[in-house]
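# Descriptive analysis of the structure
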Amino acid sequence: MALRKALTPLLHWFRTRFGHVPVGAWLLGAAVAAFLERLLGPDLAYLLGLGSVPAIFGLSIILKTPSLIPSVLVFVVLMYVIPTLVVAWLSRALFLWWEEQLSVPVYVFLHVLFLFLVLYFWSQVDPYRLLVLRLLGINILLTLSLNLVNGWMGEFSVSVAGFMSVGAYVSSVFMVWGFVHDDVFGPPVFPEFLAPFAFPLALILAGAVTAVTALLVAVPSFRTRGDYLAIITLAYVFIVKSTVENLDFIGGPRGFMNQPEVASFTVVFIWTVLGIWVMWNYVTSILGKATNAVRDNESAAEMMTVDTRKVKIVAFLTHAFWSGVAGGLYAHVLGYINPSSFDLRKSAEILGMLYLGGLNSVSGSIVGPVLFMFLTEILRPFQLAKWLVIPVILIYAMIRRPRGLMGFQELRIPFLTRRQQAKEEARAYGVTGN
Amino acid sequence: MALLEIRNMTHWFGGLRAVYNFNTRIEPGEIRGLIGPNGAGKTTVFNLVTGFYTPTEGQIFFLGREITGLRPHQIGRLGISRTFQNLRLWTHLTALDNVKIAYYSQIRYGLIGAFFNTRARREEEERIDHEARQLMRMLDIDQYAHRVVSGLPYGIQRKVEIARALATKPKLLLLDEPTAGMGPAEMEETMAFIRRIRDQFNLTIWLIEHKMKFVMGLCGWIQVLNFGEIIAEGPPEEIQRNPEVIRAYLGEMVEL
Amino acid sequence: MEQLAQQLFNALQWGSFYALIALGYSMVYSILMLFNFAHGDVFMVATYIGYFVATALLGLAVLQVLPFSNIVIFVLTLILTMFLASFVGIAVELVAYRPLRDAPRASAAITGLMVGIFMETAVLALLGASRKDFPLLIPPITFKIGPVHVTNLKILTLVMAFALMLLLHLFISRTKVGMAMRAMSFDYAVVPLLGIPMNTIIAFTFALGSALAGAAGIFFGMAYPVLDPYMGVLIGWKAFVAAILGGRGSIFGAVVGGFLLGFIEILVAATLPSTMRDLIAYSIVLLILTFRPYGLFGEEYSVRLRL
Ligand SMILES: Nc1ncnc2c1ncn2[C@@H]1O[C@H](COP(=O)(O)OP(=O)(O)O)[C@@H](O)[C@H]1O
Ligand SMILES: [Mg+2]
């Protein structure tokens, strides 16, 4: 309470000064800050007695050794806050001008580019950050694709770990067979330097095979909904795990390794953005919204000419495809997988991210994993305690906001909202323009 | 050629005979009435025609083509649409989205268009958006376009449901108790409304009603169902005088 | 043939475990329309409780001098464990389900899963480092029935499982709370007429289910003495599947489903490589659900909005 009181004037100052700074300017500011950290971060950290650059804004350091709080604060203010504020403030006019001049897709693309730069520079400092960011991208893909089925279609599927597993194994087998000298698969079939170019193919193959196996749960969904479908998705996870354990040529319960290092941060970022874009397109199209119709009233949807079976198949197969792709990325980020990497605990984790972020929301499927991973990563030094704290936080979040943080709503990005409004007014008066 | 023809349709729910030997021919442009006491099997007839159940016996023809056994969305595509006795709107969506989704079968851009936001998709969705708004304007509900339907007044929800049914471009529109829960004043209005949409959209209308006065004023031909069987049919004046009809309705609703 | 008869007893034993745990899932489902995803971990915690109770009782010199001390200790362990386990169930209800009574069901599923993960981790953190062996409560005796060997433990498990189910049946059909539970499973609207607060009925249901899981834990611990914080995940999910096989919310179905799953598993293990057990068992479950989507004794339900 007292804290809030103390912060109010500060917030007020911030709002009047920076309230109208466009998102893009903030991203540019953050990119500059991350770049500066890459240049000066290690030296500054040394000077402040932090040893190395604090991995995630020093939060886990603070939790572990509270005496370092001042140093961490100084580091964060010097390294992140000041450069971001200054650059954002200075570049705001540029972005406002761009907003006028550029078309929406170009302007959005610019934002994605700056976001990429922020994360890219930030991840270069520390291999641990690199790992976390790549896993974050993968988790966003998993959560968003699961949201199609659990949010947009209103089912309760838990098969995401199984889908991931199929994708991980298929892509791994393809890549190791093609591009790696391996005890089981022998010498590489293709020249090794082709591996990065073949990786997208491997991922698409992984997604496609996963989608085919997903028919096992999609077809029963014609006849049954709700709890029973949930059980079928549960059985799917066990069946996949058990099948993999029984396949000796991919290592059985021992696991499978030797995946080539092709899943760089850039690769994961591109696939994540691609996945978000594709799924966003789908759920905003009328074909995609028909998924909502199936959820809210299936028989009315049928009568209004919606082919509900097709809608269900598409939802499940899209979920499976992107989870398969995410699984493939996961296998190549870690370079080692085994059947128990993809058990129900994994599904529970993704479900946690999904329901934390909120159903039926693309932004929720980004916010959920970001928040969830932020928590798990700052708690990582505490190992076991991590899995005591996370459930507590999730339970608390569910009790306070049973629909998740962003359930049934999307984050509003100011300039997009402005464009939307202009278009809406034109439409309401029956003017069709593009 | 009749628009809709039903021959000897019978339907059993397990041991319950809900519809027995139902026959009818509906000509284009008609407003046809189906009445009968509660539980007589009227809604079941609609459910059979629209493909929610497959009749145990009998055949259904639409525009000379047999549609028995087709799934509802296929029948919907051929040109039959309906409203439901208890509103079945998509409650989490806006009124506009409710109407737009009913254009589903008219969409040509396909999954590729949906996933990759192609030009074809943008143009088509723009067109559908325009059409849907126009449709809503014709029914006087365009000011609710962006409201989530579950929050709208009941009467408006009914109109949204009709707009949604019209969006599928039907030739035959089935209305299941369109005046449920309405007072006499609204009823008059609804009668005019139904005639208006019939003319405006070139529809044939088949409606189920409980309230005699309503059907009498609207329909040219009425069939009376009791325990799944047609017990009488004819023009309104005849039905009103038919002793069997009166008997079936006695006790059920005295306020004929 | 002998092999088969031998396996029959194994199947009955595992069926008893599954059935006892599955009952907990089904009872909660029948009144809340909600699966308690933490139930497998309740079983695990109950088994640990059983371990401590048994060890403590075995340490009491007073009990050793009593006649039939084995049986006395066994019975005491069983009763005490069931009693304590019921509080674990009530705690789960209080934390994971009661605050979300009006929330979307999926949210309650998440809180349930999270409570389960919490319990696993807590047990792992507190006790996981050292290996816990369930003490020997009743010395094993092997009977020979014809060519078949049966241990007293298997018979005891089976007999006790049926006795407990009978008790449960009596409780539900004879006591006021039991009847309230039944009434509530038919219709929420009657609850105010029963004179028992709804939350009490729900808490009682969780308590009963957890007590049965506690009993299952004792029998399981006696048969497979090495305890493990993840045993709830392994066995709990299978019991859950058994509950579904029988038909959601059907008490009778849970018992049948439990034994059916026991038979399927043992049959697969007896005829095929043991690593195939889960694969075949779950495939059979998938098949059954494909042809009987509502389980063996569940009834069809109209498609509801679930969010
Ligand atoms: N899906 C169904 N399963 C079993 N019986 C049904 C089903 N639908 C309707 N019925 C029964 O069929 C009879 C006719 O119902 P319905 O067509 O809804 O009557 P109406 O619309 O004339 O009031 C009723 O007795 C009803 O209980
Ligand atoms: Mg009716």
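Residues numbered from 1 in each chain as written. Chains lettered and ligands numbered in written order. Predicted model: local features only at pLDDT ≥ 70, side-chain atom pairs only at ≥ 80, totals over all residues. Heavy atoms only, no water.

### Some thoughts on the overall build of chain A
- A count of helical and extended segments in chain A gives 18 helices and 2 strands.
- What you see for chain A is a C-alpha radius of gyration of 23 Å, in line with the 22 Å of a compact globule of 434 residues.
- Judged by the C-alpha coordinates and their principal axes, chain A covers about 65 × 60 × 45 Å.
- Residue burial in chain A is summarised as follows: out of 434 residues, 56% are buried.
- Surface summary for chain A: the accessible area is close to 18400 Å², and the carbon and sulfur share equals 69%.
- Put simply, chain A has 30 plus and 23 minus side-chain charges, and the middle of one group is 10 Å from the middle of the other. (Helix = DSSP H or I, 4+ residues; strand = E, 2+ residues; numbered from the N terminus. Rg over C-alpha atoms; globule rule 2.2 N^0.38 Å. Buried < 20%, exposed > 50% of the residue type's maximum accessible area, 1.4 Å probe, protein only. Areas by Shrake-Rupley, 256 points an atom, 1.4 Å probe, with all protein chains shown as cover. Lys, Arg positive; Asp, Glu negative; His and termini not counted. Charge placed at Lys NZ, Arg CZ, Asp CG, Glu CD.)

### Here we look at the domain arrangement of chain A
Residues and elements named next belong to chain A.
- Along its sequence, chain A is carved into domain 1 (20-123) and domain 2 (130-343).
- For domain 1 and domain 2, the distance between their C-alpha centroids amounts to 33 Å.
- Counting residues at the interface gives 7 residues for domain 1, matched by 6 residues for domain 2.
- Together domain 1 and domain 2 conceal approximately 640 Å² of surface at their shared face, both sides included; 89% is due to carbon and sulfur atoms.
- Together, Phe 116, Leu 119 and Ser 123 form the three largest contributors to the area buried by domain 1 at its contact with domain 2, with a combined 65%.
- The tally of links between domain 1 and domain 2 comes to 0 salt bridges.
- Here domain 1 is connected to domain 2 by 0 residue pairs in polar contact (both at pLDDT 80 or more).
- A breakdown of the residues in the side of domain 1 that touches domain 2 according to their chemical character gives 6 nonpolar, 1 polar and no charged. (Domains from an automatic or database assignment. Contact = heavy atoms within 4.5 Å. Buried area = accessible area lost by both parts, 1.4 Å probe. Salt bridge = Lys/Arg side-chain N within 4 Å of Asp/Glu carboxyl O. Polar contact = N/O pair within 3.5 Å; in protein donor to acceptor, adjacent residues only side chain to side chain. Nonpolar A, V, L, I, M, F, W, Y, C, P; charged D, E, K, R; others polar.)

### Some thoughts on the pairing of strand β9 (residues 221-226) of chain B
Residues and elements named next belong to chain B.
- Of all the 6 residues making up β9, 5 are buried; the element is thus mostly covered by neighbouring parts of the structure.
- Note: strand β3 (residues 31-35) against β9, 4 bridges, orientation parallel. By the bridge assignment, Gly 33 is partnered in β9 with Ile 222.
- Two successive antiparallel strands, β9 and strand β10 (residues 229-234), enclose a turn made up of 2 residues, where Phe 227 displays a positive phi of approximately 45 degrees. (Pairing = 2+ DSSP bridges.)

### Thoughts on the site of ligand 1
Residues and elements named next belong to chain B.
- With respect to spatial proximity, the complete set of residues near ligand 1 consists of Phe 13, Leu 16, Ala 18, Asn 38, Gly 39, Ala 40, Gly 41, Lys 42, Thr 43, Thr 44 and Tyr 53.
- Gly 41 has a polar backbone atom sitting 2.9 Å from an oxygen atom of ligand 1.
- About the coverage of ligand 1: the protein hides 63% of its 560 Å² of free accessible area.
- Secondary structure elements with two or more residues in the shell around ligand 1: β2 (16-26) and α1 (42-49).
- For the shell around ligand 1, the leading source of residues is α1, giving 3 residues.
- Among the residues making up the shell around ligand 1, the classes are represented as 5 nonpolar, 5 polar and 1 charged. (Near = heavy atom within 4 Å.)

### Points about the coordination of the magnesium ion (ligand 2)
Residues and elements named next belong to chain B.
- The magnesium ion (ligand 2) binds to the protein through Thr 43 (OG1) and Gln 85 (OE1); the donor distances cover 2.0 to 2.2 Å. With Thr 43 in helix α1 and Gln 85 in the loop between β6 (80-82) and α3 (95-101), this residue pair connects regions lying 42 residues apart in the sequence.
- Under the relative-accessibility criterion, Gln 85 is labelled partly exposed at 27%. (Donors = N, O, S within 2.8 Å, 3.2 Å for Na, K, Ca; no water.)

### Focus: the interface of chain A and chain B
- Listed per partner, the contact involves 39 residues of chain A and 43 residues of chain B.
- Of the roughly 3700 Å² buried between chain A and chain B on both sides combined, carbon and sulfur atoms contribute 63%.
- Linking chain A with chain B are 3 salt bridges, by the criterion used here.
- Measuring nitrogen to oxygen at the nearest pair gives 3.0 Å for the salt bridge that ties Glu302(A) to Arg71(B).
- Put simply, chain A and chain B have 16 residue pairs in polar contact (both at pLDDT 80 or more) between them.
- At 8 residues, the largest contribution of residues to the side of chain A that touches chain B is made by helix α12 (residues 286-296) of chain A.
- Along the lines of polarity and charge, the residues of the side of chain A that touches chain B split into 16 nonpolar, 13 polar and 10 charged.

### Quick look at the sheet that holds strand β1 (residues 4-13) of chain B
Residues and elements named next belong to chain B.
- The 4 strands are arranged β2-β1-β4-β5 in an open sheet whose pairing can be described as antiparallel. Unpaired on one side and paired on the other, β2 and β5 (65-66) mark the two borders of the sheet.
- On the sheet, α1 packs against β1, β2 and β4 (57-62) and is oriented at approximately 115 degrees with respect to β1. (Axes fitted to C-alpha atoms, helices over the stretch in contact; angles between N-to-C directions.)

### Topic: the packing of aromatic side chains
- With the rule as written, the count across this model stands at 48 aromatic pairs over all chains.
- Ring centres of Phe75(A) and Tyr80(A) lie 6.3 Å apart, and the angle between their planes is 75 degrees; this geometry places the pair in the edge-to-face category.
- In this structure Phe75(A) comes out as buried when scored by relative accessible area, which is 0%.
- For the pair Phe238(A) and Tyr282(C), a centre-to-centre distance of 4.3 Å together with 5 degrees between the ring planes defines the contact as stacked. Here Phe238(A) is found in helix α10 (residues 227-246), whereas its partner Tyr282(C) is found in helix α11 (residues 277-291) on a different chain. Accessibility classification places Phe238(A) together with Tyr282(C) in one group, the buried group.
- Through successive ring pairs, a cluster of aromatic residues spans Phe156(A), Tyr355(A), Tyr25(C), Tyr29(C), Phe35(C), Phe37(C), Trp237(C) and Phe240(C).
- The ring of Trp387(A) carries the charged tip of Arg345(A) above its face, separated from the ring centre by 5.1 Å.
- In this arrangement the basic side chain of Arg17(B) is found over the ring face of Tyr20(B), its NZ or CZ atom lying 4.0 Å from the centre. (Phe/Tyr/Trp six-rings, centres within 6.5 Å; stacked < 30°, edge-to-face > 60°. Lys NZ or Arg CZ within 6 Å of the ring centre and 35° of its normal.)

### Looking at the environment of Phe214(B)
All names here are of chain B.
- When you line up the elements, Phe 214 lands in helix α8 (residues 212-218).
- For the pair Phe 214 and Gly 33, spaced 181 residues apart in sequence, the C-alpha to C-alpha distance is 9.7 Å.
- Excluding residues that lie within four positions of it along the chain, Phe 214 makes contacts with Pro 178, Thr 179, Met 187, Thr 190, Met 191, Ile 194, Leu 207 and Glu 209.

### With respect to a nonpolar patch on the surface
- Taken together, the side chains of Val74(A), Val77(A), Leu78(A), Val81(A), Ile82(A), Val86(A) and Leu90(A) define a hydrophobic patch exposed on the protein surface, amounting to about 560 Å² of accessible area.
- Within the secondary structure, Leu90(A) is located in helix α4 (residues 69-101). (Patch = residues over 30% accessible without salt bridge, like charges linked within 9 Å, V, L, I, M, F, W, Y side chains within 5 Å.)

### Notes on the pairing of strand β8 (residues 204-209) of chain B
Residue and element names in this part refer to chain B.
- A large share of β8 lies buried, amounting to 6 of its 6 residues.
- Summarising the sheet, strand β7 (residues 172-176) and β8 pair through 5 bridges and their orientation is parallel. The partner of Leu 175 across the bridge, within β8, is Leu 207.

### Comments concerning the interface of chain A and chain C
- With 40 residues of chain A at the interface, the matching set in chain C holds 49 residues.
- For the pairing of chain A and chain C, the buried interface totals around 4100 Å² over both sides, and the portion due to carbon and sulfur atoms is 74%.
- A per-residue breakdown of the area chain A buries against chain C is headed by Asp227(A), Tyr228(A) and Ile231(A), which together make up 17% of the total.
- Here chain A is connected to chain C by 1 salt bridge.
- When the shortest N-O distance is used, the salt bridge between Glu120(C) and Arg345(A) registers 2.8 Å.
- Taken together, the connections running from chain A to chain C amount to 4 residue pairs in polar contact (both at pLDDT 80 or more).
- Only α10, α12, α15 (344-357) and α17 (386-400) of chain A provide two or more residues apiece to the side of chain A that touches chain C.

### Details of the domain arrangement of chain B
All names here are of chain B.
- For chain B, the assigned domains read domain 1 (1-79 + 171-256) and domain 2 (91-169).
- Domain 1 and domain 2 are separated by 27 Å when their C-alpha centres are compared.
- Listed per partner, the contact involves 14 residues of domain 1 and 12 residues of domain 2.
- Here domain 1 packs against domain 2, burying approximately 1100 Å² in sum over the two surfaces, 69% of which is carbon and sulfur.
- The three residues of domain 1 that bury the most area against domain 2 are Arg 77, Phe 193 and Phe 201, which together make up 40% of that side's buried surface.
- The interface formed by domain 1 and domain 2 contains 0 salt bridges.
- Applying the counting rule to domain 1 against domain 2 returns 1 residue pair in polar contact (both at pLDDT 80 or more).

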